[in-house]
Amino acid sequence: MAEQLLIRGARIVSPADGIDLIGDLLVRDGVIAEIGEHLSAQGTRVIEAGGLTAAPGLVDMHVHLRDPGFTQKEDIQSGCRAAAAGGVTSLLAMPNTNPVTDTPEVARDILARAEHADARVYVTAAITTGLKSEVLTDMAALKAAGVTAVSDDGRPVTDTRLMAEGMKQAARLGLRVVSHCEDLYLAAGGLMNEGEISQQLGVPGIPAAAEECGTARDITLAESYGVPIHICHVSTAIASAMIRDAKRRGVQVTAETAPHYFSLTEQALLSKNGDCRMNPPLRTEHDRLAIREALRDGTLDAIATDHAPHTPAEKADFFTAPNGSIGMETSLAVGITYLVNTGCLTLAQLIEKMSVIPARILGIPGGTLKRGAPADIVLFSESERWTVDPATLHGKSRNTPFAGLELSGKVKYTVCRGSVVYQEA
């Protein structure tokens, strides 16, 4: 049940509303009731927030909850606890579950079980049945079941004709296509970025061209057919340049990157740490700097985590470890540390990319603290430094590439649907 809550004396940053001020937020019946100074309300829980920043709850548009089918790694409830601990109040769940989220029944089950979780869960359904690139799913039925987006994430739709038809159908229905761009023939057998480090380790690599060829194809389809596309987890300089050029031509393309692509490089693989293996892989310093610039100039619209939990046993062996890392509990701090503190983005611009713009792309509530808006709020210390300890994280899995790293920015409270769902112990 929603609380009556007064957040007092915070720096309130709501870029969508042009707000950056010291003041109070009054929450009532699950919405922002008032924003101002010296607010009071009898019988209200008060959070003294002097020195803290209040911003719209983060919207993570790329999350693997592993539920149904892989709940030893994560489930809806544990994933949403991790989200809340990172200030994420809305997330988009990917469809590579078991069974695959390719029917209305699976989608409705996820939504029903997420109804009282610590974050709002939006569902991505598959573009093709079973993620097999053979037959399109019934997108109209999926939308009627409450699906927000479609994707075969984890792999691309390899049949270009099917991808084109899926993009056209999704556009007619108002569903967002979220695309994993990869040429599987180029990527086959690779464990990390193809380059000097992979050669040094004697490890088969995934060339940047694998991502770039996939990106070029999907931009071409969007431009040729006049339909939107959202490109996931951009990691290379050339892919960023393609997106920048496409936007200049008026192509309906949006794109995201993940925190590890603007903070880490392939150098992290020198220790053969399975937690640093993901797809796309960590790239070169040249790519990392290009991703930062693409965030700065607006080429990359959003920051999403690609939160991908795996068990410690799965990640123990570098050569056999599945790809993916967790990220929701560290995303805000990595953004502050590597983008705000370095002068790449202002705090308001970071909040835009982690909350305002993702909500806008998906067409969901969120990203604002205006009166009457959903009371989804993250309250954090921008300057507090902390060291990432996997043992203290709130999800089921521990496969963070940031273990042992000192970061700036600590989430203190998260409010979702008007209730405090996370409070730092």
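For every chain, the first residue of the written sequence is number 1, and numbering continues from 1 along that sequence. Reporting of local features is limited, given that this is a predicted model, to residues whose pLDDT is at least 70; pairs of side-chain atoms are given and counted only at 80 or more, and all residues count toward the totals for whole chains, interfaces and linings. Note: side-chain values were computed over all heavy atoms of the structure, leaving out hydrogens and water.

A. Region of interest: the pattern of salt bridges. The term salt bridge refers to a pairing of a side-chain nitrogen on Lys or Arg with a carboxyl oxygen on Asp or Glu at a separation within 4 Å. Here the structure, examined in full by the defined rule, presents 23 salt bridges. In this structure, Asp75 and Lys396 form a salt bridge, with 2.9 Å as the shortest nitrogen-oxygen distance. Note that Asp75 is positioned in the loop between strand S6 (58-63) and helix H1 (76-85) and Lys396 in the loop between strand S16 (377-387) and strand S17 (406-416), a separation of 321 residues in sequence. When a residue's accessible area, from a 1.4 Å probe over protein chains only, is under 20% of the maximum for its type it is buried; when over 50% it is exposed; and in between it is partly exposed. The class of Lys396 is partly exposed, set by a relative accessible area of 38%. Runs of H or I in DSSP of at least four residues are treated as helices and runs of E of at least two as strands, each being numbered from the N terminus.

B. Structural context of the sheet that holds strand S10 (residues 176-179). Strands are labelled as partners when DSSP assigns at least two bridges between them. Pairing within the open sheet is parallel, and its 8 strands lie in the order S6-S7-S8-S9-S10-S13-S14-S15. Every other strand in the sheet has two partners, leaving S6 and strand S15 (302-303) as the edge strands with one partner each.

C. Expanded view of the environment of Gly214. Mapping Gly214 onto the fold places it in helix H7 (residues 208-225). When its relative accessible area of 8% is taken as the criterion, Gly214 is described as buried. Distance in space between the C-alpha atoms of Gly214 and Thr342 is 31 Å, their sequence separation being 128 residues. In what follows, a contact means two residues having at least one pair of non-hydrogen atoms within 4.5 Å. Not counting the four nearest positions on each side in its chain, Gly214 is found in contact with Cys181, Glu182 and Asp183.

D. Main features of the packing of aromatic side chains. When two rings of Phe, Tyr or Trp (its six-membered ring) have centres within 6.5 Å they constitute a pair, described as stacked for plane angles under 30 degrees, edge-to-face for angles over 60, and tilted for the intermediate range. Per the stated rule, a full pass over the model turns up 1 aromatic pair. Aromatic side chains Phe318 and Phe319 sit 5.3 Å apart centroid to centroid with 85 degrees between the ring planes, which places their arrangement in the edge-to-face category. Here Phe318 falls in the buried class, since its relative accessible area comes to 3%. According to the relative accessible area criterion, Phe319 is partly exposed, its value standing at 45%. Whether a charge lies above a ring is judged from NZ of Lys or CZ of Arg, which has to be within 6 Å of the ring centre and within 35 degrees of the ring normal. Across from the ring centre of Phe318, 5.9 Å away, lies the NZ or CZ of Arg277, which sits over that ring. Between the NZ or CZ atom of Lys410 and the centre of the ring of Trp386, over which it lies, the distance is 4.8 Å.

E. How the structure looks around the pairing of strand S5 (residues 53-56). Pairing between strand S1 (residues 5-14) and S5: 2 bridges, direction parallel. Counterpart to Arg11 in the pairing with S5 is Thr53.

F. Focus on the layout of surface pockets. Grid points spaced at 1 Å and placed over the protein atoms alone form the basis of the search, with a cavity being a set where a 1.4 Å probe fits but cannot get out and a pocket an open set showing protein on both sides within 12 Å along at least five of seven lines. Lining residues have an atom within 4 Å of a point. Grid points are joined across faces, edges and corners, and a volume is the space filled by probe spheres set on the points. The calculated volume of the largest pocket comes to roughly 410 Å³. Together, 21 residues line the largest pocket, and Asn96, Gly154, His180, Asn279 and Asn323 are the ones closest to its centre. All amino acids are sorted into three groups, where Ala, Val, Leu, Ile, Met, Phe, Trp, Tyr, Cys and Pro are nonpolar, Asp, Glu, Lys and Arg are charged, and the leftover types, Gly among them, are polar. Here the residues of the lining of the largest pocket are counted per class, giving 4 nonpolar, 12 polar and 5 charged. The volume enclosed by the second largest pocket comes to roughly 220 Å³. Considering the residues around the second largest pocket, the lining is formed by 20 residues, among which Ala85, Glu329, Trp386, Lys410 and Tyr422 are closest to the centre. At the level of secondary structure, the elements contributing two or more residues to the lining of the second largest pocket comprise helix H12 (331-340), S16 and S17.

G. Broad picture of the packing of helix H8 (residues 237-248) against helix H10 (residues 285-296). Each axis is a line fitted through C-alpha atoms, and for a helix only the stretch in contact is used; angles between axes span 0 to 180 degrees, taken between their N-to-C directions. For the pair H8 and H10, interaxial distance at closest approach is 8 Å and the crossing angle is 25 degrees. In terms of orientation, H8 lies roughly parallel with respect to H10. Mapping the contact onto sequence places Ala237, Ser240 and Arg244 in H8 and His286, Asp287, Ala290, Ile291, Glu293 and Ala294 in H10. In the contact of H8 with H10, the residues fall into 4 nonpolar, 2 polar and 3 charged. Angles below 35 degrees are treated as roughly parallel, those above 145 as roughly antiparallel, those between 65 and 115 as roughly perpendicular, and all remaining angles as oblique.

H. Molecular detail of the nonpolar core. To qualify as a nonpolar core, a set must consist of buried Ala, Val, Leu, Ile, Met, Phe, Trp, Tyr and Cys residues joined through side-chain atoms within 4.5 Å. Core analysis: the largest hydrophobic core is formed by 93 residues, its most contacted members being Leu91, Ile231, Leu332 and Leu350. No other element matches H12, which puts 7 residues into this core. Aside from chain neighbours lying at most four places away, what touches Leu350 is Ile303, Leu332, Gly335, Ile336, Leu339, Val340 and Leu345. Counting 20 residues, the second-largest nonpolar core is a separate cluster that includes Leu5, Ile7, Leu25 and Leu379.

I. Up close: unusual backbone geometry. In this chain, Asp67 is followed by Pro68 through a cis amide linkage whose omega measures 10 degrees. With an omega of 5 degrees, the peptide bond running from Asn98 to Pro99 counts as cis. In this structure, Pro99 sits in the loop between strand S7 (88-93) and helix H2 (104-113). Within the chain, Asp29 stands out as a residue other than glycine whose phi angle is a positive 55 degrees. As for its placement among the helices and strands, Asp29 is situated in the loop between strand S2 (19-28) and strand S3 (31-36). Of note, Leu131 is a non-glycine position whose phi angle comes to about 60 degrees, a positive value. Mapped onto the secondary structure, Leu131 falls in the loop between strand S8 (120-125) and helix H3 (139-144).

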